[in-house]
Amino acid sequence: MAVYRLCVTTGPYLMAGTLDNISVTLVGTCGESPKQRLDRIGRDFTPGSVQKYKVRCSAELGELLLLRVHKERYAFFRKDSWYCSSICVTAPDGTVSHFPCYQWIEGYCTMELRPGTARIICQDYLPLLLDHRKRELQARQECYCWKIYAPGFPRMVDVSSFQEMESDKKFSLTKMPPHVDQSNSGNKYLPGFPMKIDIPSLLHMEPNIRYSVTKTTSLLFNAIPASLGMKLRGLLDRKGSWKKLDDIQNIFWCHKTFTTEYVTEHWCEDHFFGYQFLNGVNPVMLHCLSSLPSKLPVTHDMVAPLLGPGTSLQTELERGNIFLADYWILAEAPTHCLNGRPQYVTAPLCLLWLNPQGALVPLAIQLSQTPGPDSPIFLPTDSEWDWLLAKTWVRNSEFLVHENNTHFLCTHLLCEAFAMATLRQLPLCHPIYKLLLPHTRYTLQVNTIARATLLNPEGLVDKVTSIGRQGLLYLMSTGLAHFTYTNFCLPDSLRARGVLAIPNYHYRDDGLKIWAAIESFVSEIVGYYYPSEAVVQQDLELQAWVGEIFTQAFLSRESSGFPSRLCTPGELVKFLTAIIFNCSAQHAAVNSGQRPLGTYPDEHFTEEAPRQSIAAFQRQLAQISRGIQERNQGLALPYTYLDPPLIENSVSI
């Protein structure tokens, strides 16, 4: 008689426990155990519980390959969900096997778990395990289907493809852990949202894309205090113009921070206007110029009063001190009608100078892409209100490009495509799946909520922006058509834009440190699992993954420079580093922070080498954070967007 000892951990989340019968079957190289029910006196699987059981076999099973978890009806109770964190099995000879689960098991079904050791397909030679990989991916691909949202957009998840499993259906799909709670919330109209939010459908999506009820509720209802306050003051439904600039401050009365107070005091100053190009929420627009483009006919005489004696516009160009923010993408953007009034959009060219004091200040602004009598060039020497109005139009254009392209397209939508390809092409035992798991969590759901509340026809975008939904579709499709691998990789982007030497560019400095930390971490993981070029090239699942990203995210556009195949460990390291950086740090830089980068609460890597790499990564991030906090003590406006504890692990808000 051989006795196997099991330790079963239920997640600590709301309604994570179950009353259903739970049984297990152990499958080894020498046979499999009888199906055995896990049952002790009292309720077994309560939230946060750790229960121990014994499984008796007539003989030892050899190396454990699979653990089947059977979830079946108990008496007359209705089915419920169970969040199983992990199951640890100790063999008669003392060998310990960890079976990570970290997912909800729905309805009545059988789920197969593999040991936590990560394995690429080349390392699996047993037909049983190869078949398991194949069936897992087939099930995922049937569940997660691509959808075309609009022409020229990255493909996205088709939520309509999710269907409830039949109560008696047996399946062996190992799912991506969602940290999901259940809820019976009803449909709600939320203040500030233009449409009814079907909360149950969001919470009861297929398990791998759902939020916990806490997270979903937080996302939807955090907007209530601000929007309700605005509604009470008559601002939310306001259809007239502002009477004076000071009235706009009323919007922020209940959300005051040090940053908002600083902006309120300095927003109209040229120095702060230039500073925002470096460390605001859209720090990716500046390009260094060696000569002026023909569409911006600025002369030395125009800017001489600002440059002062002893230099010239040509000299400053040669020194690399002249920069351009070009909003060309707005030139053909359709405009919208709000409250019966046509709206307007500009496509500015903003010329900036890095002065001897190390400050970036605006030199000239042209509000269209076509020079001429109808497109004057505004200068700091113009009247105060003319110059302020020109800067305000630039900021309006900045808002449109930032929210639609820099933020939503280049982080949310692309990261959704990465999450989809990961789910569809990499089995749970794959090391790259385990690596990317924390950085793709919740992205499918937050994007689904955004499309339901913001991007839908007559939604928030249609109600509050000058370009409306049609303009948004234009901006994003045009933006993707011009987006390149160079743009996607921070060091390459900074080098291509010629901004490596600008002082006080905290986004660049902090971003490069975080990029290096991620790259070092990824290099260790890749080096452990991919010791040679041949291993990379022979990993058919990995090649299918990168190929699907190229096809579905970047629409097979060769000119994008994105890889459609990976040939070396170095290429894999760069691609993974860019994905993790954009799903975490870049999103934080252009949005805000809420979950710490480098946090891995679920232990999917069970080998010692990757666990040590994770610990080293966390120490490196902590060191970066200490440096940022020390630097910020000397800044009038601290730059905190890329402080690692304030960077969320994934696009989850």
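Residues numbered from 1 in each chain as written. Predicted model: local features only at pLDDT ≥ 70, side-chain atom pairs only at ≥ 80, totals over all residues. Heavy atoms only, no water.

## So, the overall build of the chain
Okay, so step 1: The number of helices and strands found in the chain is 21 helices and 20 strands.
Okay, so step 2: Residue burial in the chain is summarised as follows: out of 653 residues, 54% are buried.
Okay, so step 3: Here the chain displays about 27600 Å² of accessible surface, and carbon together with sulfur accounts for 55% of that area. (Helix = DSSP H or I, 4+ residues; strand = E, 2+ residues; numbered from the N terminus. Buried < 20%, exposed > 50% of the residue type's maximum accessible area, 1.4 Å probe, protein only. Areas by Shrake-Rupley, 256 points an atom, 1.4 Å probe, with all protein chains shown as cover.)

## Here's the deal with the sheet that holds strand β15 (residues 322-326)
Okay, so step 1: The strand order β14-β15-β18-β19-β20 describes an open sheet built from 5 strands, whose pairing is antiparallel. What marks the edges here is a single partner per strand, and that holds for β14 (286-288) and β20 (377-378).
Okay, so step 2: Inspection of the sheet shows β15 paired to strand β18 (residues 349-354) by 5 bridges, in the antiparallel sense. Paired with Ile322 across the bridge in β18 is Trp353.
Okay, so step 3: Most of the contacts of helix α7 (residues 300-307) go to strand β19 (residues 360-366), to which it runs at about 155 degrees, and overall it touches β18, β19 and β20. (Pairing = 2+ DSSP bridges. Contact = heavy atoms within 4.5 Å. Axes fitted to C-alpha atoms, helices over the stretch in contact; angles between N-to-C directions.)

## Some details on the pattern of salt bridges
Okay, so step 1: The final tally for this structure, using the stated rule, is 23 salt bridges.
Okay, so step 2: Two residues, Asp124 and Arg133, come together in a salt bridge whose shortest N-O distance is 2.8 Å. Arg133 carries the same exposure label as Asp124, and that label is buried.
Okay, so step 3: A salt bridge links Glu603 to Arg611; the nearest nitrogen and oxygen atoms lie 3.5 Å apart.
Okay, so step 4: Look at the salt bridges and you will find they share partners, linking Glu32, Arg68, Glu112, Asp131 and Arg135 into a network. (Salt bridge = Lys/Arg side-chain N within 4 Å of Asp/Glu carboxyl O.)

## Examining the side chain of Thr422
Okay, so step 1: Structurally, the position occupied by Thr422 is in helix α9 (residues 384-425).
Okay, so step 2: Since its relative accessible area comes to 3%, Thr422 is described here as buried.
Okay, so step 3: Within the structure, the side chain of Thr422 is placed 3.1 Å from the side chain of Trp545, a separation counted as a polar contact. (Polar contact = N/O pair within 3.5 Å; in protein donor to acceptor, adjacent residues only side chain to side chain.)

## Observations regarding the packing of aromatic side chains
Given two aromatic rings, their pairing is described by the distance between the two centres and the angle made by the two planes.
Okay, so step 1: Counting across every chain of the model gives 26 aromatic pairs.
Okay, so step 2: Ring centres of Phe521 and Phe617 lie 4.6 Å apart, and the angle between their planes is 5 degrees; this geometry places the pair in the stacked category. With a gap of 96 residues between them, Phe521 in helix α16 (residues 506-529) and Phe617 in helix α21 (residues 608-632) connect regions that are remote in the sequence. Each member of the pair, Phe521 as well as Phe617, is classed as buried.
Okay, so step 3: Relative to Tyr641, the ring of Tyr639 lies with its centre 5.4 Å away and its plane at 80 degrees, an arrangement referred to as edge-to-face.
Okay, so step 4: Classification of Tyr641 by relative accessible area gives partly exposed; the value is 27%.
Okay, so step 5: By way of ring pairs, the aromatic residues Phe418, Phe483, Tyr485, Phe488, Trp545, Phe554, Phe562 and Phe575 are connected into one cluster. (Phe/Tyr/Trp six-rings, centres within 6.5 Å; stacked < 30°, edge-to-face > 60°.)

It is worth stressing that arrangement in space is one thing and function is another; only the former is reported here.
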